[in-house]
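# Summary of structural features
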Amino acid sequence: QVQLVESGGGLVQAGGSLRLSCAASGSRFSINVMGWYRQAPGKQRELVAAITSSGRTNYADSVEGRFTISRDNAKNTVYLQMNSLKPEDTAVYYCNARTNYHNYWGQGTQVTVSS
């Protein structure tokens, strides 16, 4: 069973920065895609950013240019550097990891941006 351990959430003022980390362990298969999703109260979970094992990235329009996703394949760890944070970025952020066979989720970490 794959475990995803997230860290780095917290409270920050608008314009500030946070860095999220997510370490995956226990996978028998290669993790093809790792990414971050978020869910704000009353809203559906949405993709924030994703990165393949070859380094190809995909960002939501709302975070393009402010957030950067990166990955250490040797450590099966994905990072999300969040800059110029806005109050509308407030949400629970979930780490996601996908193999050819399974889709895994972390427990979520709260990010709160005050105005």
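What you are looking at is a predicted structure, and each value in this text was computed from that prediction instead of being measured. Counting from 1, residues in each chain are numbered in the order their sequence is written. In keeping with the predicted nature of the model, local features appear solely for residues at pLDDT of at least 70, side-chain atom pairs appear and are counted solely at 80 or more, and the whole-chain, interface and lining totals rest on all residues. The basis for the side-chain values is all heavy atoms of the structure; hydrogens and waters are excluded.

## Regarding the overall build of the protein chain
What counts here: Numbering goes from the N terminus for both helices and strands, where a helix is a DSSP run of H or I of at least four residues and a strand is a run of E of at least two. Every radius of gyration here is taken over C-alpha atoms, with the globule rule written as 2.2 Å times N^0.38, N being the number of residues. Using a 1.4 Å probe on the protein chains alone, a residue whose accessible area is under 20% of its type maximum counts as buried, one over 50% counts as exposed, and one in between counts as partly exposed. Between two residues, a contact is recorded if the distance between any of their heavy atoms is within 4.5 Å. Per-residue and other accessible areas follow the Shrake-Rupley method at a 1.4 Å probe size, with only the shown protein chains counted as cover for residues. Charged residues are defined narrowly, with Lys and Arg counted positive, Asp and Glu counted negative, and His plus the chain ends left uncounted. By convention, charge coordinates are those of NZ in Lys, CZ in Arg, CG in Asp, or CD in Glu.
Each helix and strand in the protein chain was counted, giving zero helices and 11 strands. The linear arrangement of helices and strands in the protein chain, starting from the amino end, is β-β-β-β-β-β-β-β-β-β-β. Scaling as 2.2 N^0.38, a compact globule of 115 residues should have a C-alpha radius of gyration of about 13 Å, and the protein chain matches this with 13 Å. Here the protein chain holds 115 residues, and the buried ones make up 43% of them. Considering only contacts within the protein chain whose residues lie at least 6 apart along the sequence, 52% involve residues at least 24 apart. If you sum the accessible surface of the protein chain, you get close to 6300 Å²; carbon and sulfur atoms cover 44% of it. Counting 11 positive and 7 negative side-chain charges, the protein chain places the averaged centre of each group 7 Å from the other.

## Structural notes on the sheet that holds strand β7 (residues 67–72)
Inclusion rule: When DSSP finds two or more bridges between two strands, those strands count as paired. Lines fitted to the C-alpha atoms define the axes, with helices restricted to the stretch that makes contact. Angles between their N-to-C directions range from 0 to 180 degrees.
If you trace the four strands from one edge of the open sheet to the other, you get β1-β3-β8-β7, paired in antiparallel fashion. Edge positions in the open sheet fall to β1 (3–7) and β7, since each of these has one partner strand only. Neighbour-to-neighbour, the strand axes of the sheet open up by a mean angle of 15 degrees, direction not taken into account. Relative to strand β3 (residues 18–25), β1 runs antiparallel, the two sharing five bridges. Bridge pairing links Gln3 to Ser25 in β3.

## Focus on the packing of aromatic side chains
Stated formally: Note on aromatic pairs: the rings of Phe, Tyr and Trp (six-membered ring only in Trp) are paired at centre separations within 6.5 Å, and the planes decide the class, stacked below 30 degrees, edge-to-face beyond 60, tilted for the rest. By definition, being over a ring means that NZ of Lys or CZ of Arg is both within 6 Å of the ring centre and within 35 degrees of the ring normal.
All told, the structure shown has two aromatic pairs when counted by the stated rule. For the ring pair Phe29 and Tyr101, a centre distance of 4.8 Å and an interplane angle of 50 degrees mean the geometry is tilted. Of this pair, Phe29 sits in the loop between β3 and β4 (33–39) while Tyr101 is found in the loop between β9 (91–98) and β10 (103–105), placing the two residues 72 residues apart along the sequence. The residue whose ring lies beneath Arg19 is Tyr79, and the NZ or CZ to ring-centre distance is 4.2 Å. Sitting above the plane of the Tyr94 ring, Arg45 keeps its charged end 3.7 Å from the centroid.

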